[in-house]
Amino acid sequence: MSSEISDLDLEEAGAQLAAESARFASFGWMRGTSGNLSVVVGRDPLRLAVTASGHDKGELTADDVVLVDGAGAAVRGGKPSAEAELHARVAALTGAGAVVHVHTVASVAMGRRAPGGIVFSDVEMLKGVGQPAHDVEVTLPVIANSQDMKVLGDRLEAARDARMPAVVVAGHGLYVWGADARQARHHTEVVEWLLELELSTPREAS
C-alpha cells in the first residue's frame, strides 16, 4: 500500500534526487527540463520516487518528486516523468535501487556511430562498472527509441548486458542504474567518460 511510504520518506528521496539532478545538470547532461531520475523506496510492492515532469533539473526541490508504482503510474504527488514506467521496468528487471536518465551529446553521437552497440576494451575506467580493465570486451547496448515505454522496456530487456549497467537509446540519451543513487551516479559518470573517449577517438579508415 502507498501508506507504507511516509511523507518523510518521500521528502528524503526528493531531496536526494534534487541533489543528484543538480549535479548532472551542472555537467550539461540535463539541459532545459530534460532527463529524469528515480530511487526505489519500496520493493513489495515496488514503489519509486521519480523526478516530477517539466521541471528544470538544476532547480529541483525536495517537493519536486512523485511516488509511482511498478507500472510507473502516480500514487502520490503530481505528474511523474513520462518515462517513469521505464524506470520501474529497469528497477524490477535489474534489482537496481536507482535509475538515471540523462541526455548527453556523447551518448546520442555514439548511438549514431555504433547502432549495433558500443564496444569498450583495454581501458582502466571499465573498473568503474565492475569489469576488468584488460583482456575483455564489454558492449554498451544501443536500442531504437520509442514513445511507447512498454516497447522501449522490451527492447532494453532483450538487449541489456548484465556486465554493463547502462543502455543507450538511439537519438535520445543514456539510461544507467545502480544499487543506490550514489552507485548509479558513479556508473553514469564512468559510462559517459567511456562514451566521450570513444567519440574523441578518430575512426579507423575502412
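The sections below set out a description of the structure shown in this document. It should be emphasised that the depicted structure is a prediction, and the values quoted were computed from it without experimental measurement. Throughout, a residue's number is its position along its own chain's written sequence, starting from 1. Given that this is a predicted model, residues contribute local features only at a pLDDT of at least 70 and side-chain atom pairs are listed and counted only at 80 or more, while totals for whole chains, interfaces and linings are drawn from all residues. Each side-chain value is derived from all of the structure's non-hydrogen atoms; neither hydrogens nor water enter the calculation.

1. Describing the packing of aromatic side chains
For clarity, the threshold we go by: Here a Phe, Tyr or Trp ring, Trp counted by its six-membered ring, pairs with any other such ring whose centre lies within 6.5 Å, and the pair is stacked when the planes are under 30 degrees apart, edge-to-face when over 60, and tilted otherwise. Each residue is placed in one exposure class: buried if its accessible area under a 1.4 Å probe, protein chains only, is under 20% of its type's maximum, exposed if it is over 50%, and partly exposed if it falls in between.
One pass over the full model with this rule turns up two aromatic pairs. Arranged with centres 5.9 Å apart and planes meeting at 20°, the rings of Phe24 and Trp29 form a pair that is stacked. Here Phe24 and Trp29 have matching classes, each one buried. By the ring-pair criterion, three or more aromatic residues cluster together here, those being Phe24, Phe27 and Trp29.

2. Section: the packing of helix H3 (residues 105-113) against helix H5 (residues 181-200)
The condition that has to hold: Under this scheme, a helix contributes an axis fitted over its contacting stretch, all axes are lines through C-alpha atoms, and angles between N-to-C directions fall in the 0 to 180 degree range. Strands here mean DSSP runs of E at least two residues long; helices mean DSSP runs of H or I at least four residues long; both are numbered from the N terminus. Orientation categories follow fixed angle ranges, with anything under 35 degrees roughly parallel, anything over 145 roughly antiparallel, 65 to 115 roughly perpendicular, and all other angles oblique. Less than a right angle of anticlockwise turn of the near helix away from the far helix marks a crossing as left-handed, whereas a clockwise turn marks it as right-handed. In what follows, a contact means two residues having at least one pair of non-hydrogen atoms within 4.5 Å.
Two elements in contact, H3 and H5, have axes separated by 9 Å at closest approach and are oriented at 55°. Classified by the angle their axes make, H3 and H5 are oblique. Here the hand of the crossing between H3 and H5 comes out left-handed. Listed contacts from H5 to Ala106, Ser107, Ala109, Met110 and Arg113 of H3 are Glu192, Leu195, Glu196, Glu198 and Leu199.

3. What about the packing of helix H1 (residues 7-26) against H5?
Running from N to C, H1 and H5 cross one another at 15°; their axes reach a closest spacing of 11 Å. Comparing their axes, H5 and H1 come out roughly parallel. When you trace H1 past H5, the crossing you get is right-handed. Facing Gln16, Glu20, Arg23 and Phe24 of H1, the residues of H5 in contact are Ala181, Arg185, Thr188 and Glu189.

4. Some remarks on unusual backbone geometry
Note the cis peptide between Asp44 and Pro45, where omega equals 5°. Although it is not a glycine, Asp122 sits at a positive phi angle of roughly 55°. With respect to the helices and strands, Asp122 occurs in the loop between strand S6 (118-121) and strand S7 (137-140). Even without being a glycine, Asp135 presents a positive backbone phi close to 65°. Its place among the elements puts Asp135 in the loop between S6 and S7. What makes Asp135 exposed here is its relative accessible area of 77%.

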